[in-house]
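Per-entry structural report
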Amino acid sequence: MSTIVGADRRGGPFLLGLVAASAVLLFVASIFIGASSASLGDVIRDEGVARLIFFESRLPRTIAIVLAGSSIAVSGAIMQALTQNRFVSPSTAVTTESA
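Anyway, here's the lowdown on the structure attached to this text. (Residues numbered from 1 in each chain as written. Predicted model: local features only at pLDDT ≥ 70, side-chain atom pairs only at ≥ 80, totals over all residues. Heavy atoms only, no water.)

**So, the overall build of the protein chain**
The condition is simple: Runs of E in the DSSP output that reach at least two residues are strands. Runs of H or I that reach at least four are helices, and both are numbered from the N terminus. Exposure classes here rest on a 1.4 Å probe applied to the protein chains alone. A residue is buried below 20% of its type maximum, exposed above 50%, and partly exposed in between. Shrake-Rupley sampling with a 1.4 Å probe provides the accessible areas, and residues are treated as covered by the protein chains on show and by no other component.
Helix and strand counts for the protein chain stand at 3 helices and 0 strands. Mapped from its N terminus to its C terminus, the protein chain presents α and β elements in the order α-α-α. Every one of the 99 residues in the protein chain was classed for burial, and the buried ones make up 11%. Accessible surface, the protein chain as shown: approximately 8000 Å² in total, 68% of it carbon and sulfur.

Written out as structure tokens, the structure is:
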């Protein structure tokens, strides 16, 4: 039975928590980054333009980015499962030119 170098799983839960916390932090930061200034206070005070920018532009943009990234991750996991190769790349399935 072969072992993989660096396959120690003791730090796994900590690393997973760190990645999840970073993703949540970046999600929140992405909502408040943009060309116009719309702060959380403006949205809470129900100022028309800030509320419109927040709910019509920034929140849908951030949700779309998270969904796109998640779908790319899932497709990568499916490719790894289909090819039974942990290090599969787009060139393995000849999909490098399809983008």
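Read on, since the account is not over.
**Brief notes about a nonpolar patch on the surface**
Selection rule: To count toward a patch, a residue needs a relative accessible area above 30% and no salt bridge. Like charges then connect within 9 Å, nonpolar side chains (Val, Leu, Ile, Met, Phe, Trp, Tyr) within 5 Å. Salt bridges are defined by distance alone: a side-chain nitrogen of Lys or Arg within 4 Å of a carboxyl oxygen of Asp or Glu.
Taken together, V24, V28, F32, L40 and I44 make up a surface patch of nonpolar side chains, about 460 Å² in accessible area. The set of elements that each furnish at least two residues to the nonpolar patch consists of α1 (12-31) and α2 (40-44). Tracing the backbone through its elements, the reader meets L40 in helix α2. Relative accessible area serves as the criterion here: at 46%, L40 is assigned to the partly exposed category.

**Looking at helix α3 (residues 48-83)**
The following threshold applies: Expected span of a helix, by definition, is 1.5 Å for each gap between consecutive residues, and there is one gap fewer than residues. To get the bend at any residue, fit one axis to the seven residues that end at it and another to the seven that begin at it, then take the angle between the two axes. Here, residues are in contact when the closest pair of their heavy atoms is within 4.5 Å.
The terminal C-alpha atoms of α3, which comprises 36 residues, lie 52 Å apart, in line with the 52 Å expected from a rise of 1.5 Å per residue. Of all the bends in α3, the greatest measures close to 35° and is centred on F54. The elements touched by buried residues of α3 are α1 and α2. Within two residues after α3, Q84 carries a phi angle of roughly 55°, on the positive side.

**Focus on the packing of aromatic side chains**
Stated formally: Each Phe, Tyr or Trp ring, with Trp reduced to its six-membered ring, pairs with another whose centre is within 6.5 Å; inter-plane angles below 30 degrees give stacked pairs, above 60 give edge-to-face pairs, and intermediate values give tilted ones.
If you walk through the whole model with that rule in mind, you get 2 aromatic pairs. Taking 4.8 Å as the distance between ring centres and 85° as the angle between the ring planes, the aromatic pair formed by F54 and F55 counts as edge-to-face. Overall, F54 belongs to the buried group, its relative accessible area being 11%. Ring pairing ties together the aromatic residues F32, F54 and F55, which thus form one cluster.

**Observations concerning the environment of V28**
Residue placement: V28 occurs in helix α1. With 31 residues separating them in the primary sequence, V28 and L59 have C-alpha atoms 9.5 Å apart.

**Some thoughts on the packing of α1 against α3**
For any two helices packed against each other, the geometry is given by the interaxial angle and the distance between the axes. The test is simple: Angles shown run from 0 to 180 degrees and are taken between the N-to-C directions of axes, each axis being a line fitted to C-alpha atoms and, for helices, limited to the stretch in contact. Should an angle lie under 35 degrees it is considered roughly parallel, over 145 roughly antiparallel, and from 65 to 115 roughly perpendicular; all remaining angles are considered oblique. Note: crossing handedness is left-handed where the near helix turns anticlockwise from the far helix by less than a right angle, and right-handed where it turns clockwise. Three classes are used, and their members are as follows: Ala, Val, Leu, Ile, Met, Phe, Trp, Tyr, Cys and Pro are nonpolar, Asp, Glu, Lys and Arg are charged, and the others, Gly among them, are polar.
Relative to each other, α1 and α3 sit at 150°, their axes nearing to 9 Å. Judged by the inter-axis angle, α1 sits roughly antiparallel to α3. Read as a crossing pair, α1 and α3 show a hand that is right-handed. Along its contact with α1, which presents F27, S30 and I31, the element α3 presents F54, R58, L59, R61, T62, I63 and V66. Taken together, the residues of the contact of α1 with α3 sort by class into 6 nonpolar, 2 polar and 2 charged.

**Details of the side chain of R58**
Note the threshold: Think of a polar contact as two N or O atoms within 3.5 Å of one another; within protein, one of them needs to be a possible hydrogen donor and the other a possible acceptor, and neighboring residues in sequence only count if both atoms come from side chains.
Structurally, R58 is set in helix α3. Owing to a relative accessible area of 3%, R58 belongs among the buried residues under this scheme. For R58, the side chain forms a polar contact with the main-chain oxygen of S36, separated by 2.3 Å.

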